[in-house]
Amino acid sequence: MIVNHDYFTEMEAKIPHGKVRTRFAPSPTGYMHVGNLRTALYTWLIARGNDGTFILRIEDTDQGRLVEGAVDVIYRTLSECGLDHDEGPDVGGPVAPYIQSERRDTYGRYAHLLVELGHAYYCFCEKTESEEDSGEFGREADPCRTLTPEEVREKLDAGLPYVIRQKIPAQGSTTFHDAIFGDITVENSTLDDQVLLKRDGLPTYNFANVIDDHLMGITHVVRGSEYLSSAPKYNLLYEAFGWEVPTYVHCSPVMRDAQNKMSKRHGDPSYEDLKAQGYLTEAILNYVALLGWSPKGELAEQEIFSLPELVKAFDMTGISKSPAIFDRAKLDHFNAVYLRNLAPEAFHEVALPYIRQAVKGEQFDTAAIAALLQARCEKLTDIPEKLDFFDTLPDYDLEYFTNKKSKTNPEVCRDMLRAAITELDSLAEWSNEAIHDSLINLAVRLGVKNATLMWPVRIAAAGKLVTPGGAVEICQILGREETLSRLRKGLARLEQ
């Protein structure tokens, strides 16, 4: 194939230079798993921390794995997390297009250029599609590596299908540098002649990445440590083209436990799953940032970081070589902190859909209910089960009235409820303050501890041993009529 060198000169002229440029390049396969989100975050932080450019690139060369709507999931996740991109399919940029399938002609040109440069070859052998994708085909076993130019031309003229393979040097070694793992040297004899261009004309993942990263001027490549084994081949491609190698940042995996990586197939959560399970985006992002990265210096003990604070604190030297364990209890802790730090109005807004799952009655003040919950839940999904007594009084056990700490039993509670009903029925105003003061004064007059009176009032009003809030708050939200009705029902059961 005749190679037009003017094309490559024009492509080189488009490449932006002079500042840090990073990219997040997900495959649209249906969801954003935690490891992907961490890669996006670290990539974004490197760009923002260096006044650089953050690029979104969609890698859809593996057509068989594409999922409808998955690109929307990527956009929505990045937007919700505040990881804004400067260039991408939706906003354009100087090195468009940013979708790999729209760059198909580009990869073919560079693959043929590499053949001309002597660093790749046409392979006409019959191989499975999986072999084409992985490049798992022994160099010695491939007779096409040593075909003469005349033999290659004859096969091409005959229209035989082919792939283009990288021609790995037979001897020597390749050394690459990673910002986390340092210098790594690999013997070339251990590397296979990976496929660069498949029979359908689409590139393999490894080849498309190198071409796109160079043509988009990417200076820092953040990816999982599972790609460390491919890095020598990347280096050889950069060197074959005469291009500068970007800074590699390989991050160790996020693990479910000490033995197993997180996997959607095994039920591990994606970002959207975590949102549905009641976690705030800010808490998820903060926790994910610390999965394999630690702040240094005066920030070494800090755990809670806003996104702007992460931009200032993030340093690649803080990324660990060791795998990170996804600790659900730790995420619960982060989420509880973020929930409690919300302004009351903001908490009410995020909690309202969950409150309404349990509390259908429009007469109940949801803002007051939210105020009870804010300091008492770790996840938003904890909310409905805490509120199942508002619409309907549960059928509770009379043993609930017995509490050693409050010094109550059914007989004591019977007397307390009689007095409380009379006291509350006479209130001129139904407010937290009025209910509180009247019950406290009643306890003084009865000569009992506050808890001895409050316990039976709360049990009769809610029918639960554990409630978000005490007797006063629950009575105020239930309202005068409903409270007195429930207290009278409780008394009637105790008098039977």
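Preceding this section is the structure that the text describes.
Residues numbered from 1 in each chain as written. Predicted model: local features only at pLDDT ≥ 70, side-chain atom pairs only at ≥ 80, totals over all residues. Heavy atoms only, no water.

Engineer: Explain the overall build of the chain here, please?
Structural biologist: Of regular secondary structure, the chain possesses 20 helices and 11 strands. With the C-alpha coordinates aligned to their principal axes, the bounding extent of the chain is approximately 110 × 45 × 40 Å. Within the span of the chain, comprising 496 residues, buried residues form 51% of the whole. The long-range fraction of contacts in the chain, counting pairs at least 24 apart against all pairs at least 6 apart in sequence, stands at 76%. Accessible surface computed for the chain: about 22,900 Å², of which carbon and sulfur atoms make up 49%. (Helix = DSSP H or I, 4+ residues; strand = E, 2+ residues; numbered from the N terminus. Buried < 20%, exposed > 50% of the residue type's maximum accessible area, 1.4 Å probe, protein only. Contact = heavy atoms within 4.5 Å. Areas by Shrake-Rupley, 256 points an atom, 1.4 Å probe, with all protein chains shown as cover.)

Engineer: Sorry, what's going on with the sheet that holds strand S3 (residues 120–123) here?
Structural biologist: Hydrogen bonds along the backbone pair up the strands of a sheet, which may run parallel or antiparallel. On the basis of which strands lie adjacent, the open sheet formed by three strands has the order S3-S4-S7 and antiparallel pairing. The sheet is open, and its two borders are formed by S3 and strand S7 (195–197), each paired with just one other strand. Taking each pair of neighbouring strands and ignoring which way they run, the sheet shows an average axis angle of 40 degrees. Taken together, the two bridges between strand S4 (residues 163–166) and S7 define a ladder with antiparallel strand orientation. Counted as the bridge partner of Ile 164 is Leu 197 from S7. Contacts from helix H4 (residues 104–117) reach S3, S4 and S7 within the one sheet, and its direction differs from that of S3 by about 105 degrees. (Pairing = 2+ DSSP bridges. Axes fitted to C-alpha atoms, helices over the stretch in contact; angles between N-to-C directions.)

Engineer: Mind showing me how you'd approach the layout of surface pockets here?
Structural biologist: Leftover empty space is mapped by rolling, across the atoms, a probe with the size of a water molecule. Computed from the structure, the largest pocket encloses a volume of approximately 1,500 Å³. For the largest pocket, the lining is made up of 47 residues, of which His 33, Asn 36, Arg 65, Glu 226 and Tyr 227 are closest to its centre. Those elements that place two or more of their residues in the lining of the largest pocket are strand S1 (21–24), helix H2 (34–49), helix H5 (129–134), helix H7 (205–215) and strand S8 (220–224). Of the residues in the lining of the largest pocket, the class split is 15 nonpolar, 18 polar and 14 charged. (1 Å grid on protein atoms, 1.4 Å probe; cavity = no way out; pocket = protein on both sides within 12 Å on 5 of 7 lines; lining within 4 Å. Points joined across faces, edges and corners; volume = space filled by probe spheres on them. Nonpolar A, V, L, I, M, F, W, Y, C, P; charged D, E, K, R; others polar.)

Engineer: Could you clarify how one ought to interpret empty space enclosed by the protein in this entry?
Structural biologist: For the structure shown, the criterion picks out two cavities of 30 Å³ or more. Of the volumes computed, that of the largest cavity is approximately 50 Å³. With three residues, the top contributor of residues to the lining of the largest cavity is helix H3 (residues 70–81). Residues belonging to the lining of the largest cavity are distributed by class as follows: seven nonpolar, four polar and no charged. Of the pockets and cavities examined, the second largest cavity occupies roughly 40 Å³. Asn 209, Val 210, Asp 213, Val 221, Arg 223, Tyr 234, Tyr 238, Pro 246 and Tyr 248 are the residues that line the second largest cavity. With three residues, the top contributor of residues to the lining of the second largest cavity is H7.

Engineer: Honestly, the packing of helix H10 (residues 281–289) against helix H12 (residues 328–341) in this entry has me stumped. Any pointers?
Structural biologist: Working note: a packed helix pair is described by the angle between its axes plus the distance between those axes. Across the interface, H10 lies against H12 with an axial gap of 9 Å and an inter-helix angle of 135 degrees. Relative to H12, the element H10 lies oblique. Of the two elements, H10 crosses H12, and the hand of that crossing is right-handed. When H10 is examined against H12, the residues Glu 282, Ala 283, Ile 284, Asn 286 and Tyr 287 are found in contact with a partner set consisting of Lys 330, Leu 331, Phe 334, Asn 335 and Tyr 338. Taken together, the residues of the contact of H10 with H12 sort by class into six nonpolar, two polar and two charged. (Parallel < 35°, antiparallel > 145°, perpendicular 65-115°, else oblique. Left-handed = near helix turned anticlockwise from the far one by under 90°.)

Engineer: I keep staring at helix H13 (residues 344–358) and nothing clicks. Help me out?
Structural biologist: For an α-helix, the turn length of 3.6 residues means that residues three or four places apart are oriented alike. Helix length check: H13 (15 residues) gives 20 Å between terminal C-alpha atoms against 21 Å at 1.5 Å per residue, within 8%. Those residues of H13 that fall on the buried side of the exposure criterion are Phe 347, Ala 351, Tyr 354, Ile 355 and Ala 358. (Expected span 1.5 Å × (residues − 1).)

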